[in-house]
Amino acid sequence: DPGHPPIPVVIWAPATGAGLPLIVISHGTGASPLSHIDTAQALAEAGFVVVAPMHPGDNFQDDSMVGKPTWFAERSRHVSKVIDYMLAKWDGHARLAPGKIGIFGLSAGATTALIAIGGVPDLARIGPHCATTPEFVCRILPPQTTADAPHWPHDPRIAAAVIAAPGIGFAFEPAGLA
């Protein structure tokens, strides 16, 4: 990731096969690429190539990006960089089907996945939500305004998504998910 910290990845892949679909797994805050190892192994056994990045600045070793306005934008950018790597530089890239890319995310990983597939969170919803429904994310993500919103990187190559308990799901209005 030129100009940024490297993005470590763990890859699970079938030993043989061609035209294989690619699944990106985005972990939750403070976790790692191994957080969903059972899911990754099951997907690889079913014929998928699975790649799980360790999001720089939001993992079990480093939480320096957590709560910053660019936190989720950076995580979504990581997803695109990892897809770029897998399709062009990974040793097995010729075995992949570039039109069959999916993403799975849990918690912060689910928010990352929503943004990666085109979602646009409204960060101005954080303050009002946290005032009435204090929850874990309210302790780590301060109230923001629409002026604080970063550029949200989307990746149109992602054709399917599984979203589980998005960390700031309340920030997505229907228009932000269109």
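Structure: above.
Presented here is a report on the structure given in the accompanying data block. (Residues numbered from 1 in each chain as written. Predicted model: local features only at pLDDT ≥ 70, side-chain atom pairs only at ≥ 80, totals over all residues. Heavy atoms only, no water.)

Side note on the overall build of the chain
Then comes step 1: Scanning the chain for helices and strands turns up 6 helices and 5 strands.
Then comes step 2: Sequence-ordered secondary structure for the chain, helices as α and strands as β, is β-β-α-β-α-β-α-α-α-β-α.
Then comes step 3: The C-alpha radius of gyration computed for the chain amounts to 16 Å, which stays within 12% of the reference 16 Å derived for 178 residues, consistent with globular compactness.
Then comes step 4: In terms of principal-axis extent, the alpha carbons of the chain reach across some 55 × 35 × 30 Å.
Then comes step 5: Among the 178 residues that make up the chain, the fraction classed as buried is 46%.
Then comes step 6: Taking all contacts inside the chain whose residues are at least 6 apart in sequence as the whole, residues at least 24 apart take part in 81%.
Then comes step 7: Seen as two clouds, the 10 positive and the 14 negative side-chain charges of the chain have centres 5 Å apart. (Helix = DSSP H or I, 4+ residues; strand = E, 2+ residues; numbered from the N terminus. Rg over C-alpha atoms; globule rule 2.2 N^0.38 Å. Buried < 20%, exposed > 50% of the residue type's maximum accessible area, 1.4 Å probe, protein only. Contact = heavy atoms within 4.5 Å. Lys, Arg positive; Asp, Glu negative; His and termini not counted. Charge placed at Lys NZ, Arg CZ, Asp CG, Glu CD.)

Considerations on the state of the cysteines
Then comes step 1: Applying the stated criterion to the full structure yields 1 disulfide.
Then comes step 2: With a sulfur-sulfur separation of 2.0 Å, Cys130 is cross-linked through a disulfide to Cys138. Since a negative S-S torsion denotes a left-handed disulfide, the Cys130-Cys138 link at about -85° is left-handed.
Then comes step 3: Overall, the relative accessible area of 21% leaves Cys138 in the partly exposed class. (Disulfide = S-S within 2.5 Å.)

Concerning the sheet that holds strand β2 (residues 20-26)
Then comes step 1: Strands sit in the order β1-β3-β2-β4-β5 across an open sheet of 5 strands; the sheet is mixed. On the outer flanks of this sheet lie β1 (9-12) and β5 (158-164), each paired with one strand and no other. Put simply, the sheet's adjacent strands are angled 20° from each other on average, direction ignored.
Then comes step 2: As paired elements, strand β4 (residues 96-106) and β5 share 6 bridges and run parallel to each other. Residue Gly102 lies in a different strand from β5, and its bridge partner there is Ala160.
Then comes step 3: In the packing of helix α2 (residues 71-88) onto the sheet, the strands contacted are β1, β2, β3 (49-53), β4 and β5, and the crossing angle to β4 comes to about 150°.
Then comes step 4: Where helix α3 (residues 108-116) meets the sheet, it contacts β2, β4 and β5, and its direction lies at approximately 140° from that of β4. (Pairing = 2+ DSSP bridges. Axes fitted to C-alpha atoms, helices over the stretch in contact; angles between N-to-C directions.)

Description of α3
Three or four residues apart is the spacing at which side chains of an α-helix point the same way, because the helix has 3.6 residues per turn.
Then comes step 1: Burial analysis of α3 places 9 of its 9 residues in the buried class, the great majority of the element.
Then comes step 2: Among the residues of α3, those classed as buried are Ala108, Gly109, Ala110, Thr111, Thr112, Ala113, Leu114, Ile115 and Ala116.
Then comes step 3: Of the surrounding secondary structure, the elements contacted by the buried residues of α3 are β2, α2, β4, β5 and α6 (174-177).
Then comes step 4: A positive phi of about 120° marks Gly118, the residue just after α3.

Topic: the environment of Val82
Then comes step 1: Looking at the element boundaries, Val82 is found in helix α2.
Then comes step 2: Classification of Val82 by relative accessible area gives buried; the value is 4%.
Then comes step 3: Counting along the chain gives 70 residues from Val82 to Trp12, while the straight-line C-alpha distance between them is 14 Å.

Some words on the packing of α2 against α3
Then comes step 1: Contact geometry for α2 and α3: axes closest at 9 Å, N-to-C directions at 70°. Viewed along their axes, α2 and α3 adopt a mutual orientation that is roughly perpendicular. The crossing of α2 and α3 is right-handed. Contact residues: α2 offers Trp71, Phe72, Arg75, Ser76 and Val79, while α3 offers Ala108, Gly109, Thr111, Thr112, Ile115 and Ala116.
Then comes step 2: Taken together, the residues of the contact of α2 with α3 break down into 6 nonpolar, 4 polar and 1 charged. (Parallel < 35°, antiparallel > 145°, perpendicular 65-115°, else oblique. Left-handed = near helix turned anticlockwise from the far one by under 90°. Nonpolar A, V, L, I, M, F, W, Y, C, P; charged D, E, K, R; others polar.)

Description of unusual backbone geometry
Then comes step 1: Residue Ser107 is not a glycine yet carries a positive backbone phi of 60°.
Then comes step 2: Turning to its location among the elements, Ser107 is positioned in the loop between β4 and α3.
Then comes step 3: A residue is classified by how much of its surface remains accessible, and Ser107, at 30% relative accessible area, is partly exposed.
Then comes step 4: Phi at Ala165 takes a positive value of approximately 50°, unusual for a residue other than glycine.
Then comes step 5: Along the chain, Ala165 turns up in the loop between β5 and α6.

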